[in-house]
Amino acid sequence: MRPFSFNPGPRLISGEGSAARLAEVLPDGPCLFVTDKDLLGLGLTDACRSALEDGGRDIILFDSVEADPSKETLLAAVELGRRHDVTHVVGFGGGSPMDVAKLAAYLLGSGDELDSIWGVDIAKGPRLPLALVPTTAGTGSEATPISVITCEGGVKLAVNARPLVADWAALDASLTLGLPPHVTAATGIDAIVHAIEAYTSVRLKNPMSDALAREALKLLSANLLKAIEQPRDIEARSAMLLGAHLAGLAFASAPVGGVHALAYPLGGIHHLPHGLTNALMLRVVLQHNSDAARELYAELAPILAPECEGQGSQAKCATLIDRLDRMVVDSGLAPRLRDHGIPQEDVPMLAREAMKQQRLLVNNPCPIEEEDARRLYEAAW
Ligand SMILES: [Zn+2]
């Protein structure tokens, strides 16, 4: 067995009402509560905030997190927290509020400058106690040491460092019951891509991330369409939330690759949701990888299609790609770049931008050069 390292995630509290139970574990003192206006308006944060207040804490509410959160937003959250001398941070929402909360807790606790910590394992300081509550079954951000922030010119920069792993995560599937089908679809496909890319991550995959990725793919692929068709099916929603968390744990150790690298420019420049951009690039990147990753894709195929168990690896690999492609279509997402207003003339620029994601491209099972990227965007168009 190859030597490996594995990064454990946060302590987990799971089950209905678990977000409110964070009041039992978080420290006293003012709480920086990071969320967005939609979640606040829907009342989803009420039980958790009341429980924290009943415990005697002041809630310092920061609800201005947007999709693909900007550096300005993050720094505004940090400034608010500093002004109120908060003792801990709660991130409540999809990937965006959680990513802001993670870095806010770190910057408040360490006093570091944001521009000095971009990259892998550069942030080493202390952070404030941190709890995360995901309200989508997608990013798995509550499990990972990664925070992605949109900077000048739409470029996404990431901090990937151990101190960003939260102390606690609450998995409360009742918070996801109201998600509309297109959000359930896009975030669920994102989580599926996390599991697949972790399983084929060339440098850092290991027996722990493999086990998590397989279990994640099983939970997610068996429940995605159920959760879309029966939004209030709490069993399906719980399986999706756990699957997304397990996929997050997997890619925290075995980072994602080409699908994410080619998806990022679509989010950064055209502001499409992160999960959707992954769904759009999934089929073409897997096809590009299918020689290099054939055996690994073949190992995953029976999870989605048990009937292919006895087949050869080439047939299994084709089955996996076909099933995933069908799942994207069945989930109701329009599967082409042109369906989402991306002009074909943008292809060369998108390919150029994708080359900036070398931190992800190095994890892909085979190289993706700029001319490959151009071909893949064309194929996805
Ligand atoms: Zn993702």
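All residue numbers refer to position in the chain's written sequence, counted from 1. Whole-chain, interface and lining totals are the exception, using all residues; otherwise, since this is a predicted model, local features are given only for residues with pLDDT of at least 70 and side-chain atom pairs are given and counted only at 80 or more. Excluded from the side-chain calculation are hydrogens and water; included are all heavy atoms of the structure.

Caption draft 1: Summary view of the overall build of the protein chain. Across its full length, the protein chain holds 14 helices and nine strands. As a reference, a globule follows 2.2 Å times the number of residues to the power 0.38, and the radius of gyration itself is taken over C-alpha atoms. Computed over the C-alpha atoms, the radius of gyration of the protein chain is 20 Å, within 12% of the 21 Å expected from 2.2 N^0.38 for a compact globule of 381 residues. Expressed along its principal axes, the backbone C-alpha trace of the protein chain runs to roughly 60 × 45 × 40 Å. Counting every position in the protein chain, which comprises 381 residues, the buried fraction comes to 58%. Carbon and sulfur atoms make up 52% of the accessible area of the protein chain, which amounts to about 14800 Å² in all. If you average the places of the 33 positive and of the 48 negative side-chain charges in the protein chain, the two averages end up 4 Å apart. In this text, helices come from DSSP runs of H or I with a minimum length of four residues, and strands from runs of E with a minimum of two, each type numbered from the N-terminal end. Buried, partly exposed and exposed residues are distinguished by accessible area as a fraction of the type maximum, computed with a 1.4 Å probe on protein chains only: under 20%, between the cut-offs, and over 50%, respectively. Methods summary: accessible areas were calculated by the Shrake-Rupley approach with a probe of 1.4 Å, and residue burial reflects only the protein chains presented. Residues scored as positive are Lys and Arg, those scored as negative are Asp and Glu, and His as well as the terminal groups of each chain are ignored. Where a charge lies is defined by one atom per residue type: Lys uses NZ, Arg uses CZ, Asp uses CG and Glu uses CD.

Caption draft 2: Structural detail: the pattern of salt bridges. The salt bridge definition used is simple: a Lys or Arg side-chain nitrogen within 4 Å of an Asp or Glu carboxyl oxygen. Across all of its chains, the model carries 15 salt bridges by this definition. For Glu152, the salt bridge goes to Lys71, with nearest N and O atoms at 3.5 Å. Highlighted residues: Glu152 in the loop between strand 7 (146–150) and strand 8 (156–160) and Lys71 in helix 3 (residues 71–83), separated in sequence by 81 residues. We classify Lys71 as buried; its relative accessible area is 11%. Salt-bridge contacts for Asp167 lead to Arg127; the nearest nitrogen and oxygen are separated by 2.9 Å. Here Asp167 is found in the loop between strand 8 and strand 9 (168–171), whereas its partner Arg127 is found in the loop between strand 5 (119–120) and strand 6 (130–134), with 40 residues between them in sequence. Salt bridges sharing common partners tie together Lys71, Asp115 and Glu152.

Caption draft 3: Local environment of the sheet that holds strand 4 (residues 88–93). Pairing between strands is defined by DSSP: at least two bridges between the two strands are required. Ordered by their spatial adjacency, six strands build an open sheet running 1-9-6-4-2-3, and the pairing between neighbours is parallel. In this open sheet, the two edge strands, each paired with only one partner strand, are strand 1 (11–14) and strand 3 (59–62). Looking at each pair of strands side by side, their axes are set apart by 20 degrees on average, direction ignored. Its contacts with the sheet put helix 4 (residues 95–110) on strand 2 (31–34), strand 4 and strand 6, and the angle it makes with strand 4 is roughly 170 degrees. In this analysis an axis means a line fitted to C-alpha atoms, helices contributing only their contacting stretch, and an angle means the value between N-to-C directions, from 0 to 180 degrees. Contacts are assigned to residue pairs that have any heavy atoms within 4.5 Å of one another.

Caption draft 4: Region of the structure containing the environment of Leu266. Counting through the fold element by element, Leu266 comes out in helix 8 (residues 258–270). Classification of Leu266 by relative accessible area gives buried; the value is 0%. In this structure, the C-alpha to C-alpha distance between Leu266 and Leu280, residues 14 residues apart in sequence, is 9.4 Å. With near-sequence residues (within four places) excluded, Leu266 lies in contact with His271, Leu272, Thr277, Met281, Leu337, Ile342, Leu350 and Tyr377.

Caption draft 5: How the structure looks around the packing of helix 8 against helix 9 (residues 274–289). Relative orientation of the contacting elements helix 8 and helix 9 amounts to 135 degrees, with a least axis distance of 8 Å. Between helix 8 and helix 9, the angle is such that the two are oblique. Both helix 8 and helix 9 take part in a crossing whose hand is right-handed. Two secondary-structure elements touch here, helix 8 through Gly258, Val259, His260, Leu262, Ala263, Tyr264, Leu266 and Gly267 and helix 9 through His274, Thr277, Asn278, Met281, Leu282, Val285 and Leu286. Note on angle classes: values under 35 degrees are labelled roughly parallel, values over 145 roughly antiparallel, values of 65 to 115 roughly perpendicular, and the remainder oblique. Left-handed is the label given to a crossing in which the near helix is rotated counterclockwise from the far helix by less than a right angle, and right-handed is the label when the rotation is clockwise.

Caption draft 6: Seen up close, helix 8. With 13 residues, helix 8 extends 19 Å between its outermost C-alpha atoms, agreeing within 8% with the 18 Å of an ideal straight helix rising 1.5 Å per residue. Burial within helix 8 is extensive, with eleven of its 13 residues counted as buried. Regarding helix 8, the residues found buried are Gly258, Val259, His260, Ala261, Leu262, Ala263, Tyr264, Pro265, Leu266, Gly267 and Gly268. Expected span, for any helix, means 1.5 Å times one less than how many residues it has.

Caption draft 7: A look at the coordination of the zinc ion. For the zinc ion, the protein coordination sphere consists of Asp190 (OD), His194 (NE2), His260 (NE2) and His274 (NE2), at 2.1 to 2.2 Å. Here a donor is any nitrogen, oxygen or sulfur atom (N, O, S) within 2.8 Å of the metal, with 3.2 Å used for Na, K and Ca; water is not among the atoms considered, so some sites may look incomplete. A four-donor site is classed as tetrahedral when every donor-metal-donor angle falls between 85 and 135 degrees; four donors are called square planar, and six octahedral, when trans pairs exceed 155 degrees and all remaining angles lie between 65 and 115, with any other arrangement labelled irregular. Geometry at the zinc ion is irregular, judged from its four donor atoms and the angles of 88 to 164 degrees they form at the metal. Coordination of the zinc ion draws on donor residues from a single chain, spaced D-x3-H-x65-H-x13-H in sequence. In this pair, Asp190 is assigned in helix 5 (residues 181–199) and His274 in helix 9, connecting sequence segments 84 residues apart. Taking the relative accessible area as the measure of exposure, Asp190 reaches 1% and is therefore buried. Take His274: its relative accessible area is 22%, and that puts it in the partly exposed class.

Caption draft 8: Looking closely at the sheet that holds strand 8. Taking strand neighbours across the sheet as the criterion, the three strands line up as 5-8-7 in an open arrangement whose pairing is mixed. Both edges of this open sheet fall to strand 5 and strand 7, since each of them pairs with a single strand only. Note that strand 7 and strand 8 share five bridges and pair antiparallel. In the strand pairing of strand 8, Val148 is matched with Ala158.

Caption draft 9: Region of interest: unusual backbone geometry. The phi dihedral of Asp68 falls on the positive side, at around 50 degrees, and the residue is not glycine. Examined against the element boundaries, Asp68 turns out to sit in the loop between strand 3 and helix 3. One non-glycine residue with positive phi stands out, namely His271, at about 55 degrees. Within the secondary structure, His271 sits in the loop between helix 8 and helix 9.

Caption draft 10: Broad picture of the environment of His288. When you line up the elements, His288 lands in helix 9. Given a relative accessible area of 18%, His288 falls into the buried group. As a C-alpha pair, His288 and Leu376 span 88 residues in sequence and 8.0 Å in three-dimensional space. Dropping the residues within four chain positions of it, His288 is found in contact with Cys366, Pro367, Ile368, Asp372, Arg375 and Leu376.

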